[in-house]
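Below, each chain spelled out in residue letters.
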Amino acid sequence: MFPRPFPETAIWRRRLYVVLVTGILIVWLAPLFAIILTSFRSTQDVMGGNLWGWPTQFGLVDNYTAVFTQTPMARYFLNSLTITIPSVMGVLILSTLAGFVLARYRFRGNMLVFALFVGGNFLPHQIMMIPVRDLMVRLNLYDTMAALIIFHIAFQTGFATLFMRNFIAALPGELFQAARAEGATPFQTLVHVVVPLVRPALAALAILLFTFIWNDYFWAVVLTISDTVKPVTAGLANLRGEWVSAWNLISAGTTVVALPPVAMFFLMQKHFITGLTMGAVKG
Amino acid sequence: MTSLELRQIQKNYGSYHALRGIDLSVEQGEFIVTVGPSGCGKSTLLKIIAGLETVSTGKILINGRDVTTTEPGERGIAMVFQSYALYPHMTVAENMGFGLRMAHRPKAEIDAAVLRAAKILRIADQLDKRPKQLSGGQRQRVAIGRAITRSPDVFLFDEPLSNLDAALRTQMRVELSDLHARLGATMVYVTHDQTEAMTMASRIVVLNRGSVEQVGAPLELYRNPANLFVAGFLGAPRMNFFEVTVAAVSGGAATLSAAGLSPLTVELTEAASVQVGDRVTMGIRPESISLAAEETASFAGRVRLVERLGRETILYADAGPLQCVSSESGSGNVTVQIGHASAVAADATVGFKVEPRDVYLFSSVDERTISARKSTITD
Ligand SMILES: Nc1ncnc2c1ncn2[C@@H]1O[C@H](COP(=O)(O)OP(=O)(O)OP(=O)(O)O)[C@@H](O)[C@H]1O
Ligand SMILES: [Mg+2]
């Protein structure tokens, strides 16, 4: 059953709906609001316990400059980008390739491979903590960015392949037959037909992956120790160790850390053109 | 010169036999139209020629070259799909030049080929648009243009006009015939529209449940169907079929009798082996039945429904004991097509006359035609 709009006449149901939506929004946004609010306050206010009242003094500029000048946040930030971008690219490429083959080619074991991709998603990644750490130590990759990149790609490709396969399978089959009849190789078909048509899916997937990987804390803690490789999530935790009382700085740091996924969303938004496939077949 | 040759093509999907041994030889420049009921394997046959499906057994030759296992792009074919299958993210020009671009041909050559095809199809002013900005007819032209730019040896069309409205379909039908004349290329065209088949084909291939029922020129198939299936399939409204008994056989002709029918003597083929008392199927086309006074009529009937189409009048008549076993209306009523605006009204009881030379007979054993050949010219 899909949600249907309430009829104009059901006034009470409509009001209840608005109240509920507002309530949920407030609960949902409260932590974010608290963090942003705290990042505006001066140290004195935070120390003095003025957490919800009007700030006696705005520490906005001070706090945000301090995050970059007094802590290694800039370094963590750069690390995070260096880890996240190649990981996202890697997952997008691998999942498009795998999704294309699984969606469009019938071969022995197709369903089995697909089932493995899907099934892998149900394993909690945490159970692999010790083996993954040991593996990386043996490969001499422990405490390097490569370790994180490899594991993010490995863990996200399953879900991403499921996503891309289903999207590519939903494209009109005659487009592929037409391409084949015109002599396009599978790779040409992928590049010239599939990729342009799945751009909205790739954009959505990129945002999701970017957020997942950027926000990952678990593997960051498991696989890194040095400041030179630590991503922002692990770095923020460090911040708390060193600056126990500086909640305003931590809040400012957190806000900064939350920005890239948001920026990513706005950047990719224009690619969310739905109905790109419209006009391919009749209509 | 033989342009396309199919030898004993079979296609099985698991245990389902989609094609059961198709043999066909197409001359250079022929326009072959394949017709048949839904699910008879028309699209499968086309995909097999294109190489989009593999054969289970059999051989395909294009211009004498065995292409049975050749990739579609190297067979010298181009296919136009029912849904057009245009790439929505490319402009009309990019769509039309796609095949040549994939073959890494020089840009000047591609542009020239695209422009030439666009001019033929009168879409040269649409080249920068995207498919969704075009009307159905224009999209169809682009799809055809995409086939033309590759200058294939054989064009394959899978119901290309079925998504268009009636008026546009008529127009495109004429344009396609014209295009065929201009290009002189071999074309294989799948449709289940009779008019398309009758008007465009050099030869029609009637397909039924994965087998070829008959191949021949449109009028030849219409006048001399090889069996009951072809007779019933070609012609609208459908031929009327009746169960009758052979009352006498003499001098290569059979006299038929049935309740409500005054005896008819119909010439047989030489191969027919018919005995007195045999039950056979009699077929009469709706246009072969005319109104007559009751004393000269072959049978009489009560008019149930009248359809006045202006140019012609279609009657559905209940001929009492003379029941149609299969007809347009499917209710046992006889379909009669009168070539003018008739005054006959519903509920009238009228006489109907049939000339014996217009009567078809089909064996009830194997459904083959057993009445003598008819001339394809009727004036
Ligand atoms: N990939 C497939 N797997 C299994 N059966 C198939 C497949 N493709 C086609 N068939 C079967 O083969 C038969 C012929 O299909 P085909 O598409 O050639 O019919 P058609 O004559 O083109 O019908 P229509 O006029 O409806 O387009 C059908 O019964 C269909 O179910
Ligand atoms: Mg079909």
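Only a predicted model underlies this, so the values are computations on that prediction, with no experimental measurement involved.

Trainee: Go over the site of ligand 1, please, and point to the residues and values.
Mentor: Residue and element names in this part refer to chain B. Near ligand 1, the surroundings consist of Y13, Y16, A18, S38, G39, C40, G41, K42, S43, T44, E159 and H192. Between ligand 1 and E159 there is a distance of 3.4 Å, counted from an oxygen atom to a side-chain nitrogen or oxygen. Coverage of ligand 1 by the protein amounts to 63% of the 630 Å² it exposes when considered alone. Residue assignment for the shell around ligand 1 shows that the elements contributing at least two residues are β2 (16-27) and α1 (42-50). It is α1 that contributes the most residues to the shell around ligand 1, three residues altogether. When its residues are assigned to classes, the shell around ligand 1 shows four nonpolar, six polar and two charged.

Trainee: Tell me what's going on with the sheet that holds strand β6 (residues 77-80) of chain B, and back it up with residues and numbers.
Mentor: Residues and elements named next belong to chain B. Pairing in this open sheet of six strands is mixed, and the strands run β6-β7-β8-β3-β9-β10 from one edge to the other. The strands lining the two open edges of the sheet, one partner per strand, are β6 and β10 (211-216). Pairs of neighbouring strands in the sheet enclose a mean axial angle of 20 degrees, with direction left out of account. With five bridges connecting them, strand β9 (residues 203-208) and β10 associate as antiparallel partners. Paired with L207 across the strands is V212, a residue of β10. Packed on one face of the sheet, helix α4 (residues 136-149) meets β6 and β7 (154-158) and runs near 175 degrees to β6. Docked against the sheet, helix α5 (residues 166-183) engages β3 (31-35), β7 and β8 (186-190), running at close to 160 degrees with respect to β8.

Trainee: So what about the interface of chain A and chain B? Which residues, and what values?
Mentor: Taken together, the contacts link 24 residues of chain A with 28 residues of chain B. Buried surface at the junction of chain A and chain B, both sides included, amounts to about 2300 Å², of which 56% is carbon and sulfur. Between the two partners, chain A and chain B, sit two salt bridges. At the junction of chain A and chain B, the tally comes to ten residue pairs in polar contact (both at pLDDT 80 or more). Only α8 (173-181) and α9 (186-197) of chain A provide two or more residues apiece to the side of chain A that touches chain B. Considering each element in turn, the side of chain A that touches chain B owes the most residues, seven residues, to α8(A).

Trainee: Describe the packing of helix α7 (residues 145-169) of chain A against helix α10 (residues 199-215) of chain A, and please don't skip the residues or the numbers.
Mentor: All names here are of chain A. Where α7 meets α10, the axes come as close as 11 Å, and the angle between the chain directions of the two elements is 155 degrees. Between α7 and α10, the crossing angle belongs to the class labelled roughly antiparallel. As for the relative orientation of α7 and α10, their crossing is right-handed in sense. Counted together, H152, Q156, F159, A160, F163, M164 and F167 of α7 and A201, L202, A204, L205, L208, L209, F212 and I213 of α10 form the full contact between these two elements. When the residues that make up the contact of α7 with α10 are grouped by side-chain class, the tally is 13 nonpolar, two polar and no charged.

Trainee: Pulling in residues and values, what's your account of the sheet that holds strand β20 (residues 349-354) of chain B?
Mentor: Residue and element names in this part refer to chain B. Reading across the sheet, the five strands line up as β15-β20-β16-β17-β19 and stay open at both edges, with antiparallel pairing between neighbours. The two strands at the open ends of the sheet, each matched to only one other strand, are β15 (289-292) and β19 (334-338). Neighbour-to-neighbour, the strand axes of the sheet open up by a mean angle of 50 degrees, direction not taken into account. Relative to β19, strand β17 (residues 313-318) is paired through five bridges, and the arrangement is antiparallel. The partner of L315 across the bridge, within β19, is V336.

Trainee: Tell me about the domain arrangement of chain A, and please be specific about residues and values.
Mentor: Residue and element names in this part refer to chain A. Parsing chain A into structural domains produces domain 1 (11-68) and domain 2 (71-277). Spacing between the C-alpha centres of domain 1 and domain 2 amounts to 31 Å. Each side of the interface is counted separately: domain 1 has 14 residues, and domain 2 has 13 residues. Approximately 1200 Å² of surface area, both sides summed, lies buried where domain 1 meets domain 2, with 72% of it carried by carbon and sulfur atoms. Taken together, domain 1 and domain 2 are joined by zero salt bridges. Mapped by element, the contributors of at least two residues to the side of domain 1 that touches domain 2 are α1 (11-39), α2 (43-47) and α3 (60-69). Considering every element that reaches the side of domain 1 that touches domain 2, the biggest residue donor is α3, with five residues. Among the residues making up the side of domain 1 that touches domain 2, the classes are represented as eight nonpolar, five polar and one charged.

Trainee: Help me get a handle on the domain arrangement of chain B, residues and values and all.
Mentor: Residues and elements named next belong to chain B. Here chain B is partitioned into domain 1 (2-232) and domain 2 (236-362). Summarising the inter-unit geometry, the C-alpha centres of domain 1 and domain 2 are found 38 Å apart. Across the contact, eight residues belong to domain 1 and nine residues belong to domain 2. Both sides together, the interface formed by domain 1 and domain 2 hides about 810 Å², and carbon and sulfur atoms give 51% of it. At the junction of domain 1 and domain 2, the tally comes to zero salt bridges.

Trainee: Describe the environment of I250(A), naming the residues involved and giving the relevant values.
Mentor: All names here are of chain A. As for its position among the elements, I250 is in helix α13 (residues 247-269). For I250, a relative accessible area of 8% gives the class buried. Separated by 30 residues in the primary sequence, I250 and A220 place their C-alpha atoms 18 Å from one another.

Trainee: Lay out the pattern of salt bridges in plain terms, naming residues and giving numbers.
Mentor: By the definition in use, this model includes 18 salt bridges over all chains. Here D134(A) ties to R133(A) by a salt bridge, and the two come within 3.7 Å at their closest N and O atoms. Overall, D134(A) belongs to the partly exposed group, its relative accessible area being 35%. Judged by its relative accessible area of 34%, R133(A) falls in the partly exposed class. The partner of D193(B) in a salt bridge is R169(B), and the shortest N-O contact between them spans 3.7 Å. Pair noted here: D193(B) is in the loop between β8 and α6 (194-200) and R169(B) is in helix α5, with a separation of 24 residues, a long-range link. For D193(B), a relative accessible area of 19% translates into the label buried. Among the ionic contacts, a cluster of salt bridges with common partners joins R122(B), R141(B) and E175(B).

Trainee: Any chance you could break down the nonpolar core for me, citing the residues and the numbers?
Mentor: Residues L6(B) and L156(B) are the most contacted members of the largest nonpolar core, which totals 90 residues. Looking at which element gives the most residues to this core, the answer is α7(A), with ten residues. By size, the runner-up hydrophobic cluster in this structure holds 44 residues, among which are V114(B), A117(B), A118(B) and L161(B).

Rules of the game
- Residues numbered from 1 in each chain as written.
- Chains lettered and ligands numbered in written order.
- Predicted model: local features only at pLDDT ≥ 70, side-chain atom pairs only at ≥ 80, totals over all residues.
- Heavy atoms only, no water.
- Near = heavy atom within 4 Å.
- Polar contact = N/O pair within 3.5 Å; in protein donor to acceptor, adjacent residues only side chain to side chain.
- Areas by Shrake-Rupley, 256 points an atom, 1.4 Å probe, with all protein chains shown as cover.
- Helix = DSSP H or I, 4+ residues; strand = E, 2+ residues; numbered from the N terminus.
- Nonpolar A, V, L, I, M, F, W, Y, C, P; charged D, E, K, R; others polar.
- Pairing = 2+ DSSP bridges.
- Axes fitted to C-alpha atoms, helices over the stretch in contact; angles between N-to-C directions.
- Contact = heavy atoms within 4.5 Å.
- Buried area = accessible area lost by both parts, 1.4 Å probe.
- Salt bridge = Lys/Arg side-chain N within 4 Å of Asp/Glu carboxyl O.
- Parallel < 35°, antiparallel > 145°, perpendicular 65-115°, else oblique.
- Left-handed = near helix turned anticlockwise from the far one by under 90°.
- Domains from an automatic or database assignment.
- Buried < 20%, exposed > 50% of the residue type's maximum accessible area, 1.4 Å probe, protein only.
- Core = buried A, V, L, I, M, F, W, Y, C linked by side-chain atoms within 4.5 Å.

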